[in-house]
Amino acid sequence: MVLCYNKGCGKEFDLQESTDDECVYHCGAPVFHDAYKSWSCCEKKTTDFTEFLNIKGCCKGKHNNVKPEEPAKTDKETSPAPETVKPPERMERPPVDEPMVPLPSTISASLRKMLNNLAVSEKTEEAVTKSAICQRKGCGKAKVDVADGDETCEHHPGSPIFHEGMKYWSCCNKKTTDFNDFLKQKGCTNGTHLWGDPSLKKEVVCRYDWHQTGESVNFTVYAKKVKPALCTVTCNAVKLQLEIHFGDDQVFTFDKVLAGIVKPENSKVTYSATKVEVSMKKAEFIAWPSTFVL
């Protein structure tokens, strides 16, 4: 007696006495779909696997004593080794003494409203010392160099913009590719000087924090009543400098070498009512260490 290997049969039979229509089996293939189990050759379906195995065959034929071939097993020793993924090559770190680039700035609606509501207090001549310096962008004149009665201040009320190699102010359309020429550009707006005496600055320490994404590093300084017109935020590829003026002549300074490399031309600063946010674009798609600075 030998075993029949037809699907759904599995009976033992005598090779000499077996007839051509003695085997009742399934000539199709098993189908498993949406929890139902069936044979492709007949319409009987069930959700129970045992009932599926007991479904009577729908075809008749001769018993088959030839065991079907099993699929060849994959030899683990001959399988190819997984490809090793090499980490990206690191950029060469630029020198720390590269020129510092002023970052383009945005003033939030909340801070703009606060600045508009603040009373403008003009300083008298007695309150302004000879060591005072005009704080407006593009001016920078010293009080001692300005003749009496000459209060005309030529400055840039806008923000610096660096785009596709060009450097210019948002308030005028004079563009240049040279950084020194950009710094020498004459102001496009006339107004009164905004004198500030460096000796009256109150150096304070502000709370700050930072976080990163795959593409950028975000540095936040928490300070209320920020004065964007007096603030300076500059950076190069590996260094960040801030001078944040806020409150009553309070100043927070930050001058550190960065732990990674950034793209100053794709970075920016946002001034809001309670904080200053510096968003710097990473030059490399890698994680920075937790120290943020060196």
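What counts, and at which threshold
Residues numbered from 1 in each chain as written. Predicted model: local features only at pLDDT ≥ 70, side-chain atom pairs only at ≥ 80, totals over all residues. Heavy atoms only, no water. Salt bridge = Lys/Arg side-chain N within 4 Å of Asp/Glu carboxyl O. Helix = DSSP H or I, 4+ residues; strand = E, 2+ residues; numbered from the N terminus. Buried < 20%, exposed > 50% of the residue type's maximum accessible area, 1.4 Å probe, protein only. Pairing = 2+ DSSP bridges. Contact = heavy atoms within 4.5 Å. pLDDT = per-residue confidence, 0-100. Patch = residues over 30% accessible without salt bridge, like charges linked within 9 Å, V, L, I, M, F, W, Y side chains within 5 Å. Areas by Shrake-Rupley, 256 points an atom, 1.4 Å probe, with all protein chains shown as cover. Lys, Arg positive; Asp, Glu negative; His and termini not counted. Charge placed at Lys NZ, Arg CZ, Asp CG, Glu CD. Polar contact = N/O pair within 3.5 Å; in protein donor to acceptor, adjacent residues only side chain to side chain.

### Here we look at the pattern of salt bridges
Moving on, step 1. Evaluation of the coordinates by the stated rule reveals 5 salt bridges.
Moving on, step 2. A salt bridge links Lys-281 to Glu-215; the shortest N-O distance between them is 3.6 Å. Note that Lys-281 is positioned in strand S23 (residues 275-282) and Glu-215 in the loop between strand S17 (208-212) and strand S18 (216-222), a separation of 66 residues in sequence.
Moving on, step 3. Judged by its relative accessible area of 29%, Lys-281 falls in the partly exposed class.
Moving on, step 4. A salt bridge links Lys-239 to Asp-255, with the nearest nitrogen and oxygen atoms 3.6 Å apart. Pair noted here: Lys-239 is in strand S20 (residues 239-246) and Asp-255 is in strand S21 (residues 250-257), with a separation of 16 residues, a long-range link.
Moving on, step 5. A residue is classified by how much of its surface remains accessible, and Asp-255, at 45% relative accessible area, is partly exposed.

### Section: the sheet that holds S20
Moving on, step 1. Pairing in this open sheet of 5 strands is mixed, and the strands run S8-S19-S20-S21-S16 from one edge to the other. Only two strands of the sheet have a single partner each, and these edge strands are strand S8 (101-102) and strand S16 (202-203).
Moving on, step 2. As judged from the 2 bridges shared by S16 and S21, these two strands associate in the parallel manner. Within S21, the position partnered with Glu-203 by the bridge is Val-251.

### As for the pairing of S21
Moving on, step 1. The pairing of S20 with S21 spans 8 bridges and is antiparallel. Residue pairing across strands places Gln-241 opposite Asp-255, the latter belonging to S21.
Moving on, step 2. In this antiparallel pair of consecutive strands, S20 and S21, the connection spans 3 residues, and Gly-247 shows a positive phi of 60°.

### A closer look at the environment of Gly-140
Moving on, step 1. On the secondary structure map, Gly-140 appears in the loop between strand S10 (133-134) and strand S11 (152-155).
Moving on, step 2. For Gly-140, a relative accessible area of 47% puts it in the partly exposed group.
Moving on, step 3. In this structure, the C-alpha to C-alpha distance between Gly-140 and His-155, residues 15 residues apart in sequence, is 8.7 Å.
Moving on, step 4. Discounting residues that sit within four places of it in the chain, Gly-140 has contacts with Ile-133 and Cys-134.

### Here's the deal with the confidence of the model for the protein chain
Moving on, step 1. Confidence along the protein chain averages 84 in pLDDT terms, with 90% of residues attaining 70 or more.
Moving on, step 2. Note that residues 119-126 has pLDDT below 50 and, in this model, 4 contacts with residues that lie over four places away or in other chains.

### A word on a negative patch on the surface
Moving on, step 1. Residues Glu-17, Asp-20, Asp-21 and Glu-22 make up a contiguous surface patch of negative charge.
Moving on, step 2. The topology assignment puts Glu-17 in the loop between strand S2 (12-13) and strand S3 (23-25).

### Notes on the side chain of Lys-282
Moving on, step 1. Within the secondary structure, Lys-282 sits in strand S23.
Moving on, step 2. For the buried Lys-282, no salt bridge is present, and the opposite-charge side chain at shortest range is Glu-284, 9.3 Å distant.
Moving on, step 3. From its side chain, Lys-282 meets the backbone oxygen of Thr-213 in a polar contact 2.9 Å long.
Moving on, step 4. A distance of 2.7 Å separates a polar side-chain atom of Lys-282 from the backbone oxygen of Ile-286.
Moving on, step 5. Once residues lying within four places of it in the same chain are set aside, the contact partners of Lys-282 are Gln-212, Thr-213, Gly-214, Glu-215, Ser-216, Val-217, Ile-261, Val-262, Lys-263, Ala-287 and Trp-288.

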